[in-house]
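One-letter residues, chain by chain:
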Amino acid sequence: MACAHITSDESVYLHALQPTRGPVEARRYCASCGLIKEGGGRKLGHFINGLAILDRELWKRKRQDLKPLTDVERRLVAKAMESDPVLNDAYGSTLRMQIDRMQFIILKYRQVPECVLEVAFG
Ligand SMILES: [Zn+2]
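Residue positions are given per chain, counted from 1 along the sequence in the order it is written. Reporting in this predicted model follows two pLDDT cut-offs: at least 70 for local features of residues, and 80 or more for side-chain atom pairs to be given and counted; totals over whole chains, interfaces and linings ignore these cut-offs and use all residues.

Caption draft 1: Looking closely at the overall build of the chain. For the purposes of this entry, the term helix denotes a DSSP run of H or I that reaches at least four residues, the term strand denotes a run of E that reaches at least two, and both are numbered from the N terminus. Scanning the chain for helices and strands turns up four helices and two strands. Ordering the α and β elements of the chain from the N terminus gives β-β-α-α-α-α. Over its C-alpha atoms the chain spans a radius of gyration of 17 Å, topping by over 25% the 14 Å that the globule rule assigns to 122 residues. If one aligns the C-alpha atoms of the chain with their principal axes, the spans along those axes are about 55 × 35 × 20 Å. Radius of gyration: C-alpha atoms only; globule rule: 2.2 Å multiplied by the number of residues to the exponent 0.38.

Caption draft 2: Fine view of the packing of helix H2 (residues 71-82) against helix H3 (residues 95-109). Orientation of H2 relative to H3, taken along the N-to-C sense of each, is 145°, at an axis distance of 10 Å. Seen along the crossing, H2 lies across H3 with a hand that is right-handed. Listed contacts from H3 to Glu73, Leu76, Val77, Ala80 and Met81 of H2 are Ile105, Ile106 and Tyr109. Here the contact of H2 with H3 is composed, by residue class, of seven nonpolar, no polar and one charged. Lines are fitted to the C-alpha atoms to define the axes, a helix being fitted only along its stretch in contact, and any angle between axes, read from their N-to-C directions, falls within 0 to 180 degrees. Rotating anticlockwise by less than a right angle from the far helix to the near helix defines a left-handed crossing, while the corresponding clockwise rotation defines a right-handed one. Here the contact rule is simple: place C-beta atoms from the backbone, and any two residues whose C-beta atoms are within 7 Å are in contact. Three residue categories are used. Nonpolar comprises Ala, Val, Leu, Ile, Met, Phe, Trp, Tyr, Cys and Pro, charged comprises Asp, Glu, Lys and Arg, and polar comprises the others, including Gly.

Caption draft 3: Looking closely at the nonpolar core. Think of a nonpolar core as buried Ala, Val, Leu, Ile, Met, Phe, Trp, Tyr and Cys residues, each tied to the set through C-beta atoms within 7 Å. Here the C-beta atoms are placed from the backbone, and a residue counts as buried if at least 20 other C-beta atoms lie within 10 Å of its own, exposed if 12 or fewer do, and partly exposed otherwise. If you look at the biggest cluster of nonpolar residues, it comprises twelve residues: Phe47, Leu54, Leu58, Val77, Met81, Leu87, Ile99, Met102, Ile105, Ile106, Ala120 and Phe121. Of all the elements in the fold, those that place two or more residues in this core are helix H1 (44-60), H2, H3 and helix H4 (114-121). For this core, the element with the most residues is H3, which contributes four residues. The residues contacting Phe47, other than those within four sequence positions of it, are Arg42, Met81, Leu87, Gln98 and Met102.

Caption draft 4: Structural context of the environment of Gly122. Here Gly122 shows up in the segment after H4. Gly122 sits 85 residues away from Lys37 along the chain, and the two C-alpha atoms are 22 Å apart.

Caption draft 5: Broad picture of unusual backbone geometry. The backbone phi angle of His5 is positive, close to 55°, even though this residue is not glycine. Tracing the chain through its elements places His5 in the segment before strand S1 (12-15). Judged by the 16 C-beta atoms lying within 10 Å of it, His5 falls in the partly exposed class. The phi torsion at Asp65 lies on the positive side, around 65°, for a residue other than glycine.

Caption draft 6: Spotlight on the domain arrangement of the chain. Just so you know, the domain bounds were taken from an automatic or database domain assignment. Domain boundaries assigned for the chain yield domain 1 (1-37) and domain 2 (44-121). If you average the C-alpha positions of domain 1 and of domain 2, the two centres end up 28 Å apart.

Caption draft 7: Layout of the environment of Val12. Within the secondary structure, Val12 sits in strand S1. For the pair formed by Val12 and Val112, sequence separation is 100 residues and the distance between their alpha carbons is 41 Å.

Caption draft 8: Broad picture of the environment of Asn88. Tracing the chain through its elements places Asn88 in the loop between H2 and H3. With 26 residues separating them along the chain, Asn88 and Glu114 place their C-alpha atoms 23 Å apart. Excluding residues within four positions of it along the chain, Asn88 makes contact with Ala2 and Leu44.

What follows is the structure in structure tokens.
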């Protein structure tokens, strides 16, 4: 079962996420499993909405030979999203990691131009 993540009271010094802040910075971690807290991760619902935006964008571009997602493709992508550890862990994932993962999952089932993926997931 996945950890519910409880942020520790203390921090550990690790390499800085943004080097402009200096070489190291204090980072929080989960007191239960030890996972370092990343910044900016989103919950699964954010990406479910992104999938709907992607679908709408494909509908809009039907004349450009882009087909909307089929029901089967939508279900397969949603099922893969629900079981993906990166998308389901807003605590230990950055938004960039999650977007990359989301694009990887979609491209596994369907070729979608990068410009459409950018509209849906940023
Ligand atoms: Zn945890």
